[in-house]
Amino acid sequence: MLDRRDVVARLLKDRDEALVITGLGAATYDVAAAGDDARNFYLWGAMGGAALMGLGLALARPDRPVVVITGDGEQLMGIGAFATIAVQAPANLTIVVLDNGLYGETGGQRSHTSGGTDLAAVARGCGIAAASRVTDQAGVEALAATIAKPTCGLRVVVIAVDPTEAPRVLPSRDGAYVRGRFQAALGLAA
Amino acid sequence: MDGSAPAPAALAWPDAIFAELQRWGVRQVAYVPDGGHARLIRAVHAEPTMRAIPLTTEEEGIAVLAGAALGGQRGVLLMQSSGVGNCVNMLSLVKSCGFPFLALVTMRGEWGEFNPWQVPMGSTTEAAFGLMGVGVRRADRAEEVAETVAAAARMVFEGGSAVAVLLGQRLIGAKVF
């Protein structure tokens, strides 16, 4: 089974100009473990908001690839986001859902994806045609090859990962600092 | 003839809001469909410099606008008072990160409301925003809408504040079935 840390490190290795938003919990730690970067925006709360924040950012910066990296539980809380995002369909937005089938932050309770919910099918049903499930390294490599391209079209990639918890790597929890740093990296006045 | 121009006809208040949003360079307009905002929503959809973003629930808009601000674009959230309670947790994004936030809220449940289900949230709208540190301004007369939206927009887009403008049900007119 795919290791979440390996998957995220591989996807971000060739990120180039990509802007990254992380969903709270393990996805935030995975991205931090791959290397802190001013172009990462880490969520520590606002559960259900990661993909939607990616939408607003992708619309604001159509010249840059925007990659949301989140977990199944976080995406389930904002499941209507797929419908909202499908209507806008920004070509520079990639939503990666690391699906371990459980809520790792709260004691490992089984999530709905362990109970039959197929998030890629939900995304397709909401109108995101390029929604797929990846279960092997070849799929990860295929995604990594195009992660830095801002013209790939809106896509949702659900990646099945090993439920084993990885050691925590904690990025800054100071939201105002992370925001200002990100905006400065884009040349904006914070 | 004294050469003075005739006084311009007063804009309808939704058109006055649209003019303010244009003046402030608002690019992303997230909304949950609402009768009070219907005219404004139509105008936004017809305006090529604005992106109309229909939402499935109000709190989505807070995350979308935070992303817009992160990328340097201005946005606004249009909704009805009944949706304000949905926003409470997502507003932690605004509060924790200091994102600018502007919401224009049409009120239900406060003036000639026939539907009692609108009253619980309509009577606690300001308090719900207050819970999360969002400042509230109000307009109850058509002639005060433009200046109220302009004052809020300045606080948000120049000062980085979080402000909601409540558009009173007396202004909008109670819904009639």
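Remember, predicted model here, so these are calculated numbers, not experimental data.

1. Examining the overall build of chain B
Secondary structure summary: chain B contains eight helices and six strands in total. Helices (α) and strands (β) of chain B occur, in sequence order from the N terminus, as α-β-α-β-α-β-α-β-α-α-β-α-β-α. With the C-alpha coordinates of chain B rotated into their principal frame, the extents come out at 60 × 40 × 25 Å. For chain B, the residues scored as buried account for 52% of the 177 residues in total. Counting only contacts in chain B whose residues sit at least 6 apart along the sequence, the fraction spanning at least 24 positions is 76%. With an accessible surface of roughly 7,900 Å², chain B has 55% of that area assigned to carbon and sulfur atoms. Both charge centroids of chain B, one from 14 positive and one from 16 negative side chains, sit 2 Å from each other.

2. Things to note about the sheet that holds strand 1 (residues 26-31) of chain B
Residues and elements named next belong to chain B. Taken in spatial order, the six strands of this open sheet run 2-1-3-4-6-5, and their pairing is parallel. In this open sheet, the two strands that pair with only one neighbour each are strand 2 (51-54) and strand 5 (135-139). On average, each strand axis in the sheet is tilted by 20 degrees relative to the strand beside it, whichever way the strands run. Where strand 3 (residues 74-80) lies against strand 4 (residues 101-106), four bridges are found, and the strand directions are parallel. In the sheet register, Met79 faces strand 4, and the bridge partner there is Val105.

3. A closer look at the nonpolar core
Within the largest apolar cluster, 91 residues are counted, with the highest numbers of intra-cluster contacts made by A:Phe41, A:Ile69, A:Ile159, B:Leu93, B:Phe101 and B:Phe129. The dominant element in this core, judged by the number of residues it contributes, is helix 3 (residues 50-60) of chain A, at eight residues. Residues contacting A:Phe41, with those up to four places away along its chain left out, are A:Val20, A:Ile21, A:Thr22, A:Met53, A:Gly175, A:Val178, A:Arg179, A:Phe182, B:Leu70, B:Leu93, B:Cys97 and B:Phe99. B:Ile17, B:Val26, B:Ala139 and B:Ala152 belong to the second largest nonpolar core, which has 29 residues in total.

4. Observations regarding helix 5 (residues 81-88) of chain A
Within helix 5 of chain A, six of the eight residues are buried, which leaves the element mostly enclosed by the surrounding structure. Those residues of helix 5 of chain A not exposed but buried are A:Ala81, A:Phe82, A:Thr84, A:Ile85, A:Ala86 and A:Gln88.

5. Details of the packing of helix 1 (residues 4-13) of chain A against helix 2 (residues 26-33) of chain A
Residues and elements named next belong to chain A. Two elements in contact, helix 1 and helix 2, have axes whose closest approach is 9 Å; the angle formed by their N-to-C orientations is 55 degrees. For the element pair helix 1 / helix 2, the angle class is oblique. Relative to helix 2, helix 1 is oriented so that their crossing is right-handed. Two secondary-structure elements touch here, helix 1 through Arg4, Arg5, Val8 and Leu12 and helix 2 through Ala26, Ala27, Tyr29, Asp30, Val31 and Ala33.

6. A word on the pattern of salt bridges
Close approach of charged atoms lets side chains of opposite charge pair. Tallied over the full model, the rule gives 21 salt bridges over all chains. With a closest N to O distance of 3.2 Å, B:Arg141 and B:Glu144 form a salt bridge. B:Arg141 gets classed as partly exposed once you look at its relative accessible area, which sits at 46%. Classification of B:Glu144 by relative accessible area gives buried; the value is 16%. When salt bridges that share partners are traced, they join A:Arg10, A:Lys13, A:Asp14 and A:Glu141 into one network.

7. Remarks on the interface of chain A and chain B
Counting residues at the interface gives 28 residues for chain A and 26 residues for chain B. Of the roughly 2,000 Å² buried between chain A and chain B, counting both surfaces, carbon and sulfur atoms make up 66%. Viewed at the interface, chain B and chain A are joined by zero salt bridges. Contributing elements (two or more residues each) for the side of chain A that touches chain B: helix 3, helix 5 and helix 8 (175-185) of chain A. Residues of the side of chain A that touches chain B, tallied by class, amount to 18 nonpolar, eight polar and two charged.

8. Section: the UniProt feature "domain: Thiamine pyrophosphate enzyme N-terminal TPP-binding" (unreviewed entry) in chain B
Taking the UniProt record as the reference, the feature "domain: Thiamine pyrophosphate enzyme N-terminal TPP-binding" (unreviewed entry) is found at residues 15-108 of chain B. Along residues 15-108 of chain B the backbone is 39% helical and 24% strand, and the end-to-end C-alpha distance reaches 20 Å.

Calculation criteria
- Residues numbered from 1 in each chain as written.
- Chains lettered and ligands numbered in written order.
- Predicted model: local features only at pLDDT ≥ 70, side-chain atom pairs only at ≥ 80, totals over all residues.
- Heavy atoms only, no water.
- Helix = DSSP H or I, 4+ residues; strand = E, 2+ residues; numbered from the N terminus.
- Buried < 20%, exposed > 50% of the residue type's maximum accessible area, 1.4 Å probe, protein only.
- Contact = heavy atoms within 4.5 Å.
- Areas by Shrake-Rupley, 256 points an atom, 1.4 Å probe, with all protein chains shown as cover.
- Lys, Arg positive; Asp, Glu negative; His and termini not counted.
- Charge placed at Lys NZ, Arg CZ, Asp CG, Glu CD.
- Pairing = 2+ DSSP bridges.
- Axes fitted to C-alpha atoms, helices over the stretch in contact; angles between N-to-C directions.
- Core = buried A, V, L, I, M, F, W, Y, C linked by side-chain atoms within 4.5 Å.
- Parallel < 35°, antiparallel > 145°, perpendicular 65-115°, else oblique.
- Left-handed = near helix turned anticlockwise from the far one by under 90°.
- Salt bridge = Lys/Arg side-chain N within 4 Å of Asp/Glu carboxyl O.
- Buried area = accessible area lost by both parts, 1.4 Å probe.
- Nonpolar A, V, L, I, M, F, W, Y, C, P; charged D, E, K, R; others polar.
- UniProt positions renumbered as here; feature names shortened; annotations may be inferred.

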